[in-house]
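Here's the letter readout for the chains.
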Amino acid sequence: METTLVKQIYRDAESFGGKEVKVSGWVRTVRDSKVFGFIELNDGSFFKNIQIVFDESLENFKEITKLSVSSSIVVEGILELTPGAKQPFEIKARKIVIEGTSTPEYPLQKKRHTLEYLRTIAHLRPRSNTFSAVFRVRSLAAYAIHKFFQERGFVYVHTPIITGSDAEGAGAMFRVTTLDLRDTPRTPEGDIDFSQDFFEKETNLTVSGQLEAETFALAFRNVYTFGPTFRAEKSNTARHAAEFWMIEPEVAFADLEDNMRLAEDMVKYIITYVMENAPEEMEFFNKFIDTGLFDRLNNIVNSDFERITYTEAVDILKKSGEKFEYPVEWGMDLQTEHERYITEKVFKKPVFVINYPKDIKAFYMRLNDDGKTVAAMDLLVPGVGEIIGGSQREERLDVLEKRMEELGLKKEDYWWYLELRKYGGTKHSGYGLGFERMIMYLTGMSNIRDVIPFPRTTGNAEF
RNA sequence: UCCAUGGUAGCUCAAUGGUGGAGCAUCCGGCUGUUAACCGGAGGGUUGGAGGUUCGAGUCCUCUCCAUGGAGCCA
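Residues numbered from 1 in each chain as written. Chains lettered and ligands numbered in written order. Predicted model: local features only at pLDDT ≥ 70, side-chain atom pairs only at ≥ 80, totals over all residues. Heavy atoms only, no water.

As a reminder of what qualifies: UniProt positions are given in the numbering used here, feature names are shortened, and annotations may be inferred rather than shown by experiment.
In the nomenclature of an unreviewed UniProt entry, chain A is known as Asparagine--tRNA ligase of Fonticella tunisiensis. Here is the UniProt Subunit (unreviewed entry) comment for chain A, exactly as written: "Homodimer." Heading Subcellular location (unreviewed entry) of the UniProt record for chain A holds this comment: "Cytoplasm".

Pasting the structure below:
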C-alpha cells in the first residue's frame, strides 16, 4: 500500500474521507485510557499533526500505549472526517507497526521549552513546532528568492567561497590554510611564507561575493549570488553569526534608484510568496512568536518604502529632542539606536537611507557630485535593523583609483576589478541581503541562532 | 571586547544567612472521545565550577565558565 503524506491529506481531506490510508511518522504525544487511545503523529511533510485513534482490537495495543515521545510508527487505517471536532479528521487505525522506539529521556517534552534550551539540542529541535515552522519558511524563502530573480532573467552566479583578495573591507576573515600551524615555514625576513601554502598565497573564506559578481554583471547584465558568507568578528548579538547566507544581486546599467526599486520589489515578493505558501507556519508565528507579525508584514507589502538621505536622517535625529547615548553629528556613522529611532519611531516601516559620507563607506561606492557623499543605500527595518546594504558602484576608473589611493589599497591586488572599468565599463549597482535577517523579519524570531539549522558564532561550533 | 542580568530536579521556575520546594516530564495505578487529556501515588538534587567569610551559604565576597539582553563590528 502506498504511503500518503499528511500534507496531502490536509490539502484535500474530502477525497481521502472514508478511504484506507497508510501514513508514517513520529509520535508527538500519546493519550490513552483503558481500552483506546489517541496519537498525535507528525510525518515531517507538514507543520500540523494528524490524530490517530487506536483501540484494544490491535494486537500490540499495550505496547502502543507505552510508546515514548518521538517513536516512529507506520499506521494503516481509515481516514474519517470529523467535522465539529477539534481536529478536522483522524485515522482509525487497523494496524500500527512500531518502526523505532524512543526512550523516556527524550529531551523534547510536550510542554513549551525555551529557545535557549532548544539551541543546546540543535539535532532535535527541528522536531519542535517552532523550528519545524522556521526551517520550512527558510526553505520557502530561499526558493522565493531564486524565483524572483529567475523570473526577471537574472543569472545565478557562484562566486568563490575561498578568496585570495583580503581587502573586501567587510570585516575580519577566517584564514584558509594547509600549513602546519605548529611549524610554519618562514621567509628570510621571519614572516610566514605563504608561497608554501596550498594556494601559494594568503587565502580566506569569503566575506562577500560582490567584487566577483560585478565581473559577471558586466557580462550577463543582471546577476545574483546566493551562498554562504563568513565573518570572523567576535560579535555577540542576536543578529550576527560567523557563518550566514547572503544574496547579492548586481545589475549593469542601473543606478541607485533602480537598485532600491529592485530591493523593495524583492522584499515584497519574498513576503508575499511565503505568506501564500506557508499559511499554517505563518499563522503559528503570528500567534505564538510575534503577535504583531501579520500587521507588520501586510503593512510592508502594501506601502512604499521610505527614502531619505543620510543628511536628512541626521537632521531628523538632531531635531527629535530624543536623548541618544551617542551624539548625532554629520560624518558619524548612524548607531543602532539612531537607526531604530528612524525606522521604528519616525516612519514605522522600512526606510532606505542613502548618500552616506564617503569616509564611513567602502571604496567601491560611487562618489556623488558633492564630492562628500557616496551613492550608498541601507535598508532599515523595524525590529531587525539593517537588512540590506548596497550602492551604485564607482565606474570611473580615475575616481576609483584615487579613492583606493586615499584608503591605502594596493591597485595590484584589484587589477581584475579595475579592468572592468577599462573594458566597456558602465554604471552598475548592487546590494547584499542578509538571508537570516530576512527570515527573522519574516518569522518574528528575534535571534539569528534560531533561524540557522546549526548556527556558528564565536565560541560555538557544536554539531 | 564592554555594560547589565541570570545559572537550583529531565524541563520551566520558587526558596528572609537557619531541615532545598512546586508544576510539567518519568515510573506505577485508574478512567470508553482525548486535544499541552484528566485523577491518585512514587522516585528524582555535589544548587554551573574553584576558593573564601560564617556556628551555619542556593543566598554574602573573589575568581572562572556558560547563557540572555544591550553596545561595538555588520548582513
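## Quick word on the sheet that holds strand β1 (residues 20–32)
How we decide: When DSSP finds at least two bridges between two strands, those strands are taken to pair. Under the scheme used here, helices are H or I runs from DSSP no shorter than 4 residues and strands are E runs no shorter than 2 residues, and both carry numbers assigned from the N terminus. Every axis in this analysis is a line fitted to C-alpha atoms, fitted for helices over the stretch in contact. Angles between the N-to-C directions lie between 0 and 180 degrees.
Strand order in the closed barrel formed by five strands is β1-β2-β3-β5-β4, with mixed pairing between adjacent strands. For this sheet the average axis-to-axis angle between neighbouring strands, irrespective of direction, equals 55 degrees. Pairing between β1 and strand β4 (residues 72–81): seven bridges, direction antiparallel. Directly across from E20, in β4, lies its bridge partner I78.

## Details of the packing of helix α12 (residues 397–406) against helix α13 (residues 415–422)
Spelled out, the test is: Between 65 and 115 degrees an angle is taken as roughly perpendicular, under 35 as roughly parallel, over 145 as roughly antiparallel, and anywhere else as oblique. Residue contacts are counted whenever heavy atoms from the two residues lie within 4.5 Å of one another. Each residue receives one of three labels: charged for Asp, Glu, Lys and Arg, nonpolar for Ala, Val, Leu, Ile, Met, Phe, Trp, Tyr, Cys and Pro, and polar for the others, Gly being one of them.
Between α12 and α13, the shortest axis-to-axis distance is 9 Å and the interhelical angle comes to 155 degrees. Between α12 and α13, the angle is such that the two are roughly antiparallel. On α13, the residues that touch L397, L400, E401 and M404 of α12 are Y417, L418 and R421. Tallied by class, residues from the contact of α12 with α13 come to five nonpolar, no polar and two charged.

## Describing the pairing of strand β15 (residues 385–392)
For clarity, the threshold we go by: Here the term buried applies to any residue with accessible area under 20% of the maximum for its type, exposed to any over 50%, and partly exposed to those in between, with areas from a 1.4 Å probe on protein chains only.
Most of β15 sits inside the fold, with six of its eight residues counted as buried. Summarising the sheet, strand β14 (residues 373–381) and β15 pair through six bridges and their orientation is antiparallel. Bridged to A376 within β15 is S391. Where β14 hands over to β15, the hairpin turn is made up of three residues, of which G383 adopts a positive phi near 90 degrees. Here five bridges tie β15 to strand β16 (residues 428–434), and the two strands are oriented antiparallel to one another. Each bridged residue has a counterpart across the sheet, and for I388 the counterpart in β16 is L433.

## Some thoughts on the sheet that holds strand β7 (residues 162–163)
Spatially, the three strands line up as an open sheet ordered β7-β9-β8, and their pairing is antiparallel. Single-partner strands in this sheet number two, and they are β7 and β8 (175–176). As paired strands, β7 and strand β9 (residues 203–205) are joined by two bridges and run antiparallel to one another. From the neighbouring strand, I162 faces β9, where its bridge partner is L205.

## Some words on the pairing of strand β13 (residues 351–357)
With respect to burial, β13 is a largely interior element, six of its seven residues being buried. For β13 and β14, the ladder comprises six bridges, and the chain directions are antiparallel. Of the residues in β14, the one forming a bridge with V351 is L380.

## Side note on the packing of aromatic side chains
The line we're drawing: Between rings of Phe, Tyr and Trp, where Trp is taken as its six-membered ring, a pair exists when centres lie within 6.5 Å; planes separated by under 30 degrees are stacked, by over 60 edge-to-face, and by other angles tilted. Two limits define a charge over a ring: the Lys NZ or Arg CZ must be within 6 Å of the ring centre, and within 35 degrees of the ring normal.
Applying the stated criterion across every chain, the model contains 27 aromatic pairs. Pairing Y10 with F89 gives two aromatic rings, centres 4.8 Å apart and planes at 65 degrees, and the pair type is edge-to-face. With Y10 in helix α1 (residues 6–11) and F89 in strand β5 (residues 89–100), the pair connects residues that are 79 residues apart, well separated along the chain. Residue classification places F89 among the buried residues on the basis of a relative accessible area of 3%. Look at F226 and F435: their rings are 5.1 Å apart centre to centre, the planes differ by 65 degrees, and that puts the pair in the edge-to-face class. One end of the pair, F226, is in strand β10 (residues 222–230); the other, F435, is in helix α14 (residues 435–443), with 209 residues separating them in the sequence. Just above the ring of W330 sits the side chain of K372; from NZ or CZ to the centre is 5.2 Å. A cation over a ring is seen here: R421 above Y417, with NZ or CZ 4.1 Å from the ring centre.

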